[in-house]
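Secondary and tertiary structure notes
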Amino acid sequence: MIRPTVRGALLAAVLCILLAGCNEDIAGQPKPPPQEPTATSVAYFCSMGLLEHGGPKAQAFRAGKSEPLWFSSVRDAVAFSMLPGEPKDVVAIYVNDMAKAKNWEHPEAGTWVEAHDAWYAIGSDYNADMGGKEPVPFSDEKAAWTFTVAHGGTVVRFNEIPENYVLESDDSGHTADVSAGESKFPKPAVKQ
């Protein structure tokens, strides 16, 4: 007779092997190209129209799906990748590349970078459109560091963004004093 602890360990080992096989299948799939949001694109978490939100956005493609899941902020996409109850069959995540975007409120078409290839300014005075800390993505590391000189924070890669940075509420009330025309960087969203 197998003891319950041994049975549990065996079951856990079998599940790990099966999940590892699933992850290999997903990792081998080609990444679809990023899409551009339209008037019918809806944010995954808030179910609001994506174009109603300002600032950098994100999209995630699940295995076998041709349409992305849209996120009204980069923070939401990072949280999606961390939350245990969300799908894990994601083959690509794209974020707006703020090194290329000229309009921070509404990044232009084609300003996408694969999320794992980007550099993120975290801990800056820039907040997501609906409030909260926002990891600001850049395809160019130097551009990310330049942003932190003006707005504070540090630069990390996608997998280095701390869970508590995106999953905990922000009560800091950070704001920036950036006048129009003085900087290419945006004023942060005002928390309500």
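Residues numbered from 1 in each chain as written. Predicted model: local features only at pLDDT ≥ 70, side-chain atom pairs only at ≥ 80, totals over all residues. Heavy atoms only, no water.

1. Points about the sheet that holds strand S6 (residues 136–138)
The strand order across the open sheet formed by three strands is S6-S5-S7, and the pairing between neighbours is antiparallel. Pairing within the sheet leaves two strands with one partner each, and these edge strands are S6 and strand S7 (154–157). Taken pair by pair, the neighbouring strands of this sheet meet at an average axis angle of 35 degrees, ignoring direction. Relative to S6, strand S5 (residues 119–122) runs antiparallel, the two being bridged by three bridges. Looking at S6, one finds that Trp119 is bridged to Phe138. (Pairing = 2+ DSSP bridges. Helix = DSSP H or I, 4+ residues; strand = E, 2+ residues; numbered from the N terminus. Axes fitted to C-alpha atoms, helices over the stretch in contact; angles between N-to-C directions.)

2. Focus: the pattern of salt bridges
Applying the stated criterion across every chain yields a total of three salt bridges. Asp89 serves as the salt-bridge partner of Arg62, at 2.7 Å between the closest nitrogen and oxygen. Here the residue Arg62 occupies a position in strand S1 (residues 58–62), and Asp89 occupies one in the loop between helix H2 (74–82) and strand S3 (90–96), the gap between them amounting to 27 residues. Note on Arg62: relative accessible area 25%, which makes it partly exposed. (Salt bridge = Lys/Arg side-chain N within 4 Å of Asp/Glu carboxyl O. Buried < 20%, exposed > 50% of the residue type's maximum accessible area, 1.4 Å probe, protein only.)

3. Observations regarding the environment of Glu160
Mapped onto the elements, Glu160 comes out in the loop between S7 and helix H4 (163–167). Taking the C-alpha atoms as reference, Glu160 lies 10.0 Å from Trp119; in sequence the two are 41 residues apart. Engagement of the side chain of Glu160 in a polar contact is seen with the backbone nitrogen of Arg157, the distance being 2.8 Å. (Polar contact = N/O pair within 3.5 Å; in protein donor to acceptor, adjacent residues only side chain to side chain.)

4. Thoughts on the confidence of the model for the protein chain
Summarising the model, the protein chain shows a mean pLDDT of 81, and 73% of its residues fall at 70 or more. Low pLDDT (under 50) marks residues 9–24, which in the prediction has zero contacts with non-local residues, meaning those over four places away or in another chain. Segment residues 172–185: pLDDT under 50, and 25 contacts once partners within four positions in sequence are set aside and those in other chains are kept. (pLDDT = per-residue confidence, 0-100. Contact = heavy atoms within 4.5 Å.)

5. As for H2
For H2, the set of buried residues is Val74, Arg75, Ala77, Val78, Ala79 and Phe80. Contacts from the buried residues of H2 go to S1, strand S2 (69–71), S3, S5, S6 and H4.

6. Focus: helix H3 (residues 141–151)
Within H3, burial applies to Ala143, Ala144, Phe147, Thr148 and His151. Down the axis of H3, the buried set is contained in an arc of 140 degrees. They therefore lie on one face. Of the exposed residues in H3, the ones pointing more than 90 degrees away from its buried face are Lys142 and Val149. Contacts made by the buried residues of H3 are with S5, S6 and S7. Looking one or two residues beyond H3, the residue adopting positive phi is Gly152, at roughly 80 degrees. (Arc of directions from axis to C-beta.)

7. Looking at the sheet that holds S1
Backbone hydrogen bonds are what pair the strands of a sheet, in a parallel or an antiparallel way. Here we have four strands laid out as an open sheet, ordered S2-S1-S3-S4, and antiparallel in their pairing. On the outer flanks of this sheet lie S2 and strand S4 (112–114), each paired with one strand and no other. Taken pair by pair, the neighbouring strands of this sheet meet at an average axis angle of 25 degrees, ignoring direction. Sheet topology note: the S1/S2 ladder contains three bridges and is antiparallel. Looking across to S2, one finds that Gln59 is bridged to Trp70.

8. Some remarks on the layout of surface pockets
By volume, the largest pocket amounts to about 270 Å³. Lining the largest pocket we find 16 residues, and of these Ser81, Val90, Ile93, His116 and Phe158 sit closest to its centre. Sorting the residues of the lining of the largest pocket by element identifies H2 and S3 as the ones contributing at least two each. Considered class by class, the residues forming the lining of the largest pocket number ten nonpolar, three polar and three charged. (1 Å grid on protein atoms, 1.4 Å probe; cavity = no way out; pocket = protein on both sides within 12 Å on 5 of 7 lines; lining within 4 Å. Points joined across faces, edges and corners; volume = space filled by probe spheres on them. Nonpolar A, V, L, I, M, F, W, Y, C, P; charged D, E, K, R; others polar.)

9. Focus on the pairing of S1
Burial runs high along S1: four of the five residues are buried. Following S1, the chain reverses through six residues before pairing antiparallel with S2; Gly64 in that reversal takes a positive phi of roughly 80 degrees. Pairing between S1 and S3: five bridges, direction antiparallel. Counterpart to Ala60 in the pairing with S3 is Ile93.

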